[in-house]
Every structure is written in C-alpha cells, then in structure tokens.
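Coordinate inspection notes
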Amino acid sequence: MKALYKQLGISEEVFDFGKEIEDSLKDRFDEFDRIAEYNQMKVLLAMQKNRVSEECFGASSGYGYNDYGRDTLEKVYADTFHTESCLVRPQIACGTHALAIALFGNLRPGDELLAPAGKPYDTLEEVIGIRPSKGSLAEYGISYRQVDLLADGTFDYEKIKAAINEKTKLVAIQRSKGYQTRPSFSVKQIGELIAFVKKIKPDVICMVDNCYGEFVDTVEPSDVGADMIVGSLIKNPGGGLAPIGGYIAGTKECVENASYRMTCPGLGMEVGATLGVNRSFYQGFFLAPMVTKGAVKGAVFAANVYEKLGFPVIPNSTEPRQDIIQAVTLGSPEALIAFCKGIQAAAPVDSYVDPEPWDMPGYDSQVIMAAGAFVQGSSIELSADGPMKAPYSVYFQGGLTWEHAKLGILMSLQKLVDANIVTL
Ligand SMILES: *Cc1c(COP(=O)(O)O)cnc(C)c1O
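What you are looking at is a predicted structure, and each value in this text was computed from that prediction instead of being measured.

**A short note on the site of the ligand**
In the region of the ligand, the neighbouring residues are Cys94, Gly95, Thr96, Leu99, Tyr121, Gln174, Asp209, Cys211, Tyr212 and Lys235. Interatomic distance of 2.8 Å between a backbone N/O atom of Gly95 and an oxygen atom of the ligand. In this structure, an oxygen atom belonging to the ligand sits 2.5 Å away from a side-chain N or O atom of Thr96. Burial of the ligand by the protein amounts to 89% of the accessible area it has alone, namely 380 Å². Among the elements that take part in the shell around the ligand, helix 5 (residues 95–106) stands out by supplying three residues, more than any other. The residue inventory of the shell around the ligand, partitioned by class, reads five nonpolar, three polar and two charged.

Pasting the structure below:
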C-alpha cells in the first residue's frame, strides 16, 4: 500500500500520520456506515415500490410528453423524501435555479419572504433582490425580511415572532452553512424552527434549502414539517453521476406552483424532455447514500488531520455532521495555495494542472479553486476553494469515494509539508 501511495506522491511520514488518524475514527465511520445503510434501503424501497424498470431509462425528445422514466423518478424522489410530489429535471440548471423556481412559483406580488435563520446563500441575494438585480423577487413587489442568528448560532425566536406578519407567505431556511461560519443546522433544529413558525402562522410555506445535506442524516427536513425541500443534482442526490439538474420535493400544491415557473403556466410538469439523462439520474440517486457517506468520512478525516496540526476547523473533529462541507483556517496565502494544489494533484481529471488564484466575478478578493471533476463544477466530487484574504480559510467538500477523499487530504498535507509550512 505504502509503495503505491509513494508512486502517487505521498511520503511515508504523511501516510503514517494519516493512518493513525484513520484508525482513531473507526467508531465514527461505523456510524456513517449505518446512516448510509438506512438511506440505501430507503432509496431501494422507493425504487421497488414504484416498479423501476428498463423502460425508465429511455430518452424522450421534443415536448417530452409521457416520459415514463421521468415521471417514475419523480415518484421515487417523493417517496424517498416522504413528500406528496417532486420535480427532478435536467431543465433545472443548478441549485440556485431550483431555489428561484420554488420561490417565484409560490410567491405573489405583495407577499413577504422571511429568512428566519440569517442571510441566505450568496447567489440568492440577487434572486431575492437583497442586491438589486434585474428580474428579482423585489422587482415583482415581493418584500424580504431577515432575522439574524443569535451570537451563539441559535435561532432568535423572539425576533422571528415579531417578524411574522400578515404578508409573510414563505419562510426560507438553509440547512448547510454553505460558505458562512455559522454552524449548519440539524434536521431536528430545523423541525423545531418550522413548528415554531407554523404555530404562529399555520398556513405559511416553509422551504428548506437542502443543498449538501441530503443523506447526511437518516431524516430530511421534509420529515419534520418542511413544505418544500430543494437541492442540486451535482451535489449529494446526483451521486456524482447526474450531469446536470435540480429537484424540488414537497406538497402537491407547492411543487405544482413551482412547476408553472419551471416551464410555464398551463404546462407545468407535463413537458420537459429528458434527452437520455434518466439512467444517470436513477443510478446516481441509487448510489447517492454511499457517495455522500464517502464525502462525510473525508470531511471528518480532514477535520481531524488539520485540528491535530493546530489549525482551526469548522466543524471541529468531534461534532456531529449536518452536511459535507469542511472549513479549515490555514492562516496564510502560501498554505491556502498549497492545500488547493494538493487537492488538484489528487484528482482523476486534470491532476497535472496547478490551480492559481484569480479575480472571480462577484468576489471582493481573489479566489483559488481546486477541482478535477468529471462534471463541471460538481461539488459532490472532491473540490476545494477559498478566498485569498485573511484568515485564509479553505472550504473543502466531496469525493465520490472515501478513498479518493482520503488521498486528496493526504496530498494537501504533503504539499504543506513540502512547502515547510507543516512539520509532522
Ligand atoms: C450550492 C448551494 C446553492 C446553490 O447551488 P448552485 O448549484 O451553485 O447554484 C444554494 N444553497 C446552498 C446551501 C448551496 O450549498
């Protein structure tokens, strides 16, 4: 084994350091195995119940009327997430698009959108109109209100109660911290927040941005009262095989409303050809619990490696996991660059290129990104990125297999050792 790792560029000392940490994580990895087993059975049950067959893998074209594979897959998703209905479509370009469809489809002029748990994901700022933008909800007369988290990262129930008014139509909660420093919320916490909101206003729609959260736990936000959960297929539920797509699962009414935005009023879910992606969608969803497990193991391994070396990590080495993202504060530009070079060097695709910081549109500092993915921008695949500004934090996620995630982390460490930033 060591000889093979050596050929990949991992020294004996880095290998041994990693081995010791991996050995110490046995109990936690066993727990991740159990969660994945539960979720694998959940997906299998939904596939069997809906009689998935060879016929489901056909390709439709044109309008896509009567696409049996597409319609059956949407039932499989709905049954897995315990919702009445679901949209799973290649026409949904990404996670932001799925969230925008869900919002635009369910809000009307004069309604108010409430974010009760702090600022939503960056890309939603323009969807909502927090940053003025053409075509935003704000331009359609939909107002927005936000209640920030308390200093300890918990919900500010008093202010949430005060913020709910006769206009409040939809409440948006983001499960994963994304690229913020707050903790990610557990499904249980989200359930408590939804119950609180519904007690004050029972008919309010509760939507959860479920990006990066699917299959990390045995329950999903839809199991604890969410009317809609929304995510991207180039993250967890696509299992690394979906080449594009997003989903919106929820009540029949919410999903139907969203469908009239995804296509148009009158047509809704009835149109939308799948052009041959059905097989990858099914296969990806089938593998998603296992792929997510590998990514979670990688995140926990990284937290333990870097915490042991004295770097601040969020979540820390022992915290329960709610998503697949791991932040490591590296403290210097050299360390951030070295880390990303290691992730890139471990990739199956483009391993020979060196990532460099660049001026990415929309960011106030340079950003460095590492990804050697089969699907462009896929962040269920091993990837890392970080803004080139203090405190030089890297956000690391994914890995289609635990073994690959492990190599990526060992390689990042190797680059830090080679640059004399870390001594083992
Ligand atoms: C990735 C992500 C999104 C947006 O997804 P894109 O596919 O990048 O548009 C939204 N919310 C959260 C929490 C995410 O992690």
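**Focus on the sheet that holds strand 4 (residues 168–174)**
Strands sit in the order 1-7-6-5-4-2-3 across an open sheet of seven strands; the sheet is mixed. For this open sheet the edge positions go to strand 1 (85–89) and strand 3 (143–146), each flanked by a neighbour on one side alone. Each strand of the sheet is rotated relative to its neighbour by a mean of 20°, with strand direction disregarded. Relative to strand 4, strand 2 (residues 112–115) is paired through three bridges, and the arrangement is parallel. Opposite Glu112, over in strand 4, you have Thr168 as the bridge partner. Most of the contacts of helix 4 (residues 68–80) go to strand 1, to which it runs at about 125°, and overall it touches strand 1 and strand 7 (246–250). Across the face of the sheet, helix 8 (residues 187–200) comes into contact with strand 4 and strand 5 (205–209) while running at roughly 160° to strand 5.

**Some thoughts on the nonpolar core**
Judged by nonpolar contacts, the single largest core of 54 residues is most densely connected at Tyr306 and Leu330. Among the elements of the structure, helix 2 (12–24), helix 3 (26–49), helix 10 (278–308), strand 9 (325–329), helix 11 (333–345), strand 10 (367–371), strand 12 (393–397) and helix 12 (402–418) are those that each provide at least two residues to this core. Ignoring sequence-local partners within four residues, the contact set of Leu330 consists of Tyr306, Phe311, Ala335, Leu336, Phe339, Pro391, Tyr392, Ser393, Val394 and Leu416. By size, the runner-up hydrophobic cluster in this structure holds 41 residues, among which are Cys56, Val76, Ala226 and Val277.

**Examining a nonpolar patch on the surface**
The grouping of Leu241, Phe286 and Leu287 at the surface amounts to a nonpolar patch, some 210 Å² of accessible area in total. By the element assignment, Leu287 lies in helix 10.

**Re the environment of Val353**
As for its placement among the helices and strands, Val353 is situated in the loop between helix 11 and strand 10. Residues Val353 and Gln376, 23 residues apart in the sequence, show an inter-C-alpha distance of 15 Å.

**Observations concerning helix 3**
Between its first and last C-alpha atoms helix 3 spans 34 Å; for 24 residues at 1.5 Å apiece the expected length is 34 Å, and the two agree. Among the residues making up helix 3, those that are buried are Arg28, Phe29, Phe32, Ile35, Ala36, Asn39, Gln40, Lys42, Val43, Ala46 and Met47. Where helix 3 is buried, its residues meet helix 4, helix 10 and helix 12. Immediately downstream of helix 3, the backbone of Arg51 shows phi near 55°, a positive value.

**Examining the pattern of salt bridges**
The full count for this structure, using the stated rule, is 23 salt bridges. The shortest N-O distance in the salt bridge between Asp16 and Lys2 comes to 3.1 Å. Residue Asp16 is located in helix 2, and its partner Lys2 is located in helix 1 (residues 2–8); the two are separated by 14 residues in the primary sequence. Among the residues examined, Lys2 registers a relative accessible area of 35% and is labelled partly exposed. Between Lys119 and Glu125 there is a salt bridge, with its nearest N and O atoms 2.7 Å apart. With relative accessibility at 28%, the residue Lys119 sits in the partly exposed group. Residue classification places Glu125 among the buried residues on the basis of a relative accessible area of 10%. Within the structure, one salt-bridge network assembled from shared partners comprises Lys119, Asp122, Glu125, Glu126 and Arg131.

The rules behind the values
- Residues numbered from 1 in each chain as written.
- Predicted model: local features only at pLDDT ≥ 70, side-chain atom pairs only at ≥ 80, totals over all residues.
- Heavy atoms only, no water.
- Near = heavy atom within 4 Å.
- Polar contact = N/O pair within 3.5 Å; in protein donor to acceptor, adjacent residues only side chain to side chain.
- Areas by Shrake-Rupley, 256 points an atom, 1.4 Å probe, with all protein chains shown as cover.
- Helix = DSSP H or I, 4+ residues; strand = E, 2+ residues; numbered from the N terminus.
- Nonpolar A, V, L, I, M, F, W, Y, C, P; charged D, E, K, R; others polar.
- Pairing = 2+ DSSP bridges.
- Axes fitted to C-alpha atoms, helices over the stretch in contact; angles between N-to-C directions.
- Contact = heavy atoms within 4.5 Å.
- Core = buried A, V, L, I, M, F, W, Y, C linked by side-chain atoms within 4.5 Å.
- Buried < 20%, exposed > 50% of the residue type's maximum accessible area, 1.4 Å probe, protein only.
- Patch = residues over 30% accessible without salt bridge, like charges linked within 9 Å, V, L, I, M, F, W, Y side chains within 5 Å.
- Salt bridge = Lys/Arg side-chain N within 4 Å of Asp/Glu carboxyl O.
- Expected span 1.5 Å × (residues − 1).

Purely geometric stuff here, so don't read any function into it on its own.
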